[in-house]
Amino acid sequence: MLETGLQAATNHFGKDSQALLLFWGWRDVLNRIWQVVTTPIPIGNISITAGWLIVGILIFALSIFLSRVISSFFERRLEKQAQIDPGLRYTIARLINYFVLVIGVVWSLKVIGVDLTSIALLFTALSVGIGFGLQYIAADIAAGFILLFERPIRVGDRITIDNDLEGDVRSIKLRTTVMITNDRIAIIVPNSRLVSQPVTNWSYADPRARIAIPVSVSADSDIDLVTETLLLAAQGIEKVLEDPPPKVQFLKFGEYSLDFRLLVWTREPSRHPQIRSDINYRVAKLFRERNIKIPYPVQELRLQSGDGPLKEALLDEEQRGK
């Protein structure tokens, strides 16, 4: 019936009336869409409209994009300031990223119509459960902020954990820290481990790092010759500094050895395994040339003459052999 009326109106008024009817038809569709978008949807104690929900999601997505763009912009600008430490530049960029992201989240929730006071009360009520159920994640996040603000470990530092894991700090994230080893292997370490356990930071206060190389020689060695040889072995080694100069320490008299320690300095602590290896090659070569002996444990077995269980056992063995 409606189609018959539209066809009659079109035949009577022409093409202009057809365009007008099409306009009014689309207007009716848009009105219905607007009603759907603006109709409140009750969710618990709050009412949310589909339109503001879409706007809130767009604001949240925009905040994520802007947080990355703005933090990258500030990081590039700070890179031009040579007097600013690279770790401090990274910390500033991360804090800006978090700040913009938090503003975007709060704004999007406000636009959607969520009562922030209710959210605060909800998180307060759940704090005990979060503390017990997610205590390790919460500890990692808290440790991440400690690393960013206190900065005992910075991006670019060379660190060793438990005298086993060693690498350069690539990034400090909210929950984890990424280390890169000499083998280019990425190690992901929880932040709480870096805060609660001893960590050796080779680059904390001074870019120079000292490398200690223990050496033991036989007890009858000439200590002056050993000292001269060790200092000679450290000369000409790549990445070893001349200032401070290498140094030899006489540590102790061992059970069957004399224990020394060669100390050298470098500005590239990440190369210390290779530096240690190069020096050990030189030490072994020079020790052979100068007849300096490496000690080995010696055990003596003494047999005393006379009657005893051992003598009787030997005599019994001799008689059985006959």
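Residues numbered from 1 in each chain as written. Predicted model: local features only at pLDDT ≥ 70, side-chain atom pairs only at ≥ 80, totals over all residues. Heavy atoms only, no water.

A.B. asks: How do you make sense of helix 9 (residues 272-289) when you look at a structure like this?
C.D. replies: Since the α-helix turns once every 3.6 residues, residues separated by three or four places project in the same direction. Taking 1.5 Å of rise per residue, the 18 residues of helix 9 would be expected to cover 26 Å, and the 26 Å separating its terminal C-alpha atoms lies within 8% of that figure. Of all the positions in helix 9, only His272, Ile275, Ile279, Val283, Leu286 and Phe287 are classed as buried. Projected onto a plane normal to the axis of helix 9, the buried residues spread over an arc of 100 degrees and lie on a single side. Along helix 9, exposed side chains directed more than 90 degrees from the buried face belong to Tyr281, Arg288 and Glu289. (Helix = DSSP H or I, 4+ residues; strand = E, 2+ residues; numbered from the N terminus. Expected span 1.5 Å × (residues − 1). Buried < 20%, exposed > 50% of the residue type's maximum accessible area, 1.4 Å probe, protein only. Arc of directions from axis to C-beta.)

A.B. asks: Help me out: how do you make sense of the nonpolar core in this one?
C.D. replies: Most often, soluble globular proteins have nonpolar side chains that are buried together. Membership of the largest hydrophobic core comes to 21 residues, with the highest contact counts inside it found for Val217, Leu230, Phe260, Leu262, Val264, Ile279 and Phe287. When contributions to this core are tallied by element, the ones reaching two or more residues are strand 8 (209-218), helix 8 (223-233), strand 10 (257-266) and helix 9. Per element, the largest residue contribution to this core is 5 residues, and it comes from helix 9. With sequence-adjacent residues up to four places away left out, Ile279 is seen in contact with Ile213, Ile237, Val240, Leu262 and Val264. Counting residues in each nonpolar core, the second largest holds 13 residues, with Tyr98, Leu147, Leu148 and Ile187 among its members. (Core = buried A, V, L, I, M, F, W, Y, C linked by side-chain atoms within 4.5 Å. Contact = heavy atoms within 4.5 Å.)

A.B. asks: When you look at the sheet that holds strand 5 (residues 176-180) in this model, what are you seeing that I'm missing?
C.D. replies: As a general point, the strands of a sheet are linked pairwise by backbone hydrogen bonds and lie either parallel or antiparallel. On the basis of which strands lie adjacent, the open sheet formed by 5 strands has the order 6-5-4-3-7 and antiparallel pairing. Because the sheet does not close on itself, it has two edges, and the strands there are strand 6 (186-190) and strand 7 (199-201). Strand-to-strand twist of the sheet, defined as the mean angle between neighbouring strand axes without regard to direction, takes the value 40 degrees. The pairing of strand 4 (residues 165-172) with strand 5 spans 4 bridges and is classified as antiparallel. (Pairing = 2+ DSSP bridges. Axes fitted to C-alpha atoms, helices over the stretch in contact; angles between N-to-C directions.)

A.B. asks: So what exactly am I meant to see when it comes to unusual backbone geometry here?
C.D. replies: Excluding glycine, residues mostly carry a negative phi; peptide bonds, for their part, are mostly trans. Residue Pro244 is bonded to the preceding Asp243 through a cis peptide linkage, with omega at 0 degrees. Residue placement: Pro244 occurs in the loop between helix 8 and strand 9 (247-253). We note that Arg151 has phi near 60 degrees; this positive angle belongs to a residue other than glycine. Here Arg151 is to be found in the loop between helix 6 (135-150) and strand 3 (158-161). At Asn291, a position not held by glycine, the phi torsion is positive, near 60 degrees.

A.B. asks: Help me out: how do you make sense of a nonpolar patch on the surface in this one?
C.D. replies: Side chains of Leu62, Phe65, Leu66 and Val69 sit close together on the surface and give an oily, nonpolar patch of about 350 Å² of accessible area. With respect to the helices and strands, Leu62 occurs in helix 3 (residues 50-79). For Leu62, a relative accessible area of 45% gives the class partly exposed. (Patch = residues over 30% accessible without salt bridge, like charges linked within 9 Å, V, L, I, M, F, W, Y side chains within 5 Å. Areas by Shrake-Rupley, 256 points an atom, 1.4 Å probe, with all protein chains shown as cover. Salt bridge = Lys/Arg side-chain N within 4 Å of Asp/Glu carboxyl O.)

A.B. asks: Just to check I follow, could you spell out the sheet that holds strand 10 for this structure?
C.D. replies: Strands sit in the order 8-10-9 across an open sheet of 3 strands; the sheet is antiparallel. Among the strands making up the open sheet, the edge pair consists of strand 8 and strand 9. Between one strand and the next, the sheet's axes are offset by a mean angle of 25 degrees, whatever the strand orientation. Contacting strand 8, strand 9 and strand 10, helix 8 crosses the sheet at an angle of about 25 degrees to strand 10. Of the strands in this sheet, strand 8 and strand 10 touch helix 9, which is tilted by about 30 degrees from strand 8.

A.B. asks: Is there a simple way to think about the environment of Glu268 in this case?
C.D. replies: Mapped onto the elements, Glu268 comes out in the loop between strand 10 and helix 9. Under the relative-accessibility criterion, Glu268 is labelled partly exposed at 32%. Each C-alpha atom of the pair Glu268 and Leu241 lies 10.0 Å from the other, and the pair is 27 residues apart in sequence. At a separation of 3.1 Å, a polar atom in the side chain of Glu268 contacts the side chain of Lys239. (Polar contact = N/O pair within 3.5 Å; in protein donor to acceptor, adjacent residues only side chain to side chain.)

A.B. asks: Looking at this model, I keep getting lost on the side chain of Ser63. Mind explaining?
C.D. replies: With respect to the element layout, Ser63 can be found in helix 3. Apart from the residues within four sequence positions on either side, Ser63 is in contact with Val100, Leu101 and Gly104.

A.B. asks: Help me out: how do you make sense of the pattern of salt bridges in this one?
C.D. replies: Two side chains with opposite charge may pair up if their charged atoms get near one another. Evaluated as defined, the whole model comprises 7 salt bridges. Between Arg290 and Glu228 there is a salt bridge, and its shortest N-O distance comes to 3.6 Å. Note that Arg290 is positioned in the loop between helix 9 and helix 10 (309-321) and Glu228 in helix 8, a separation of 62 residues in sequence. Exposure remark for Glu228: the relative accessible area of 46% places this residue in the partly exposed category. Between Lys239 and Glu268 there is a salt bridge, and its shortest N-O distance comes to 3.1 Å. Linking Lys239 in the loop between helix 8 and strand 9 with Glu268 in the loop between strand 10 and helix 9, this pair joins segments that are 29 residues apart in sequence. Classification of Lys239 as partly exposed rests on a relative accessible area of 30%. Among the charged side chains, a network of salt bridges with common partners joins Arg158, Glu166 and Asp168.

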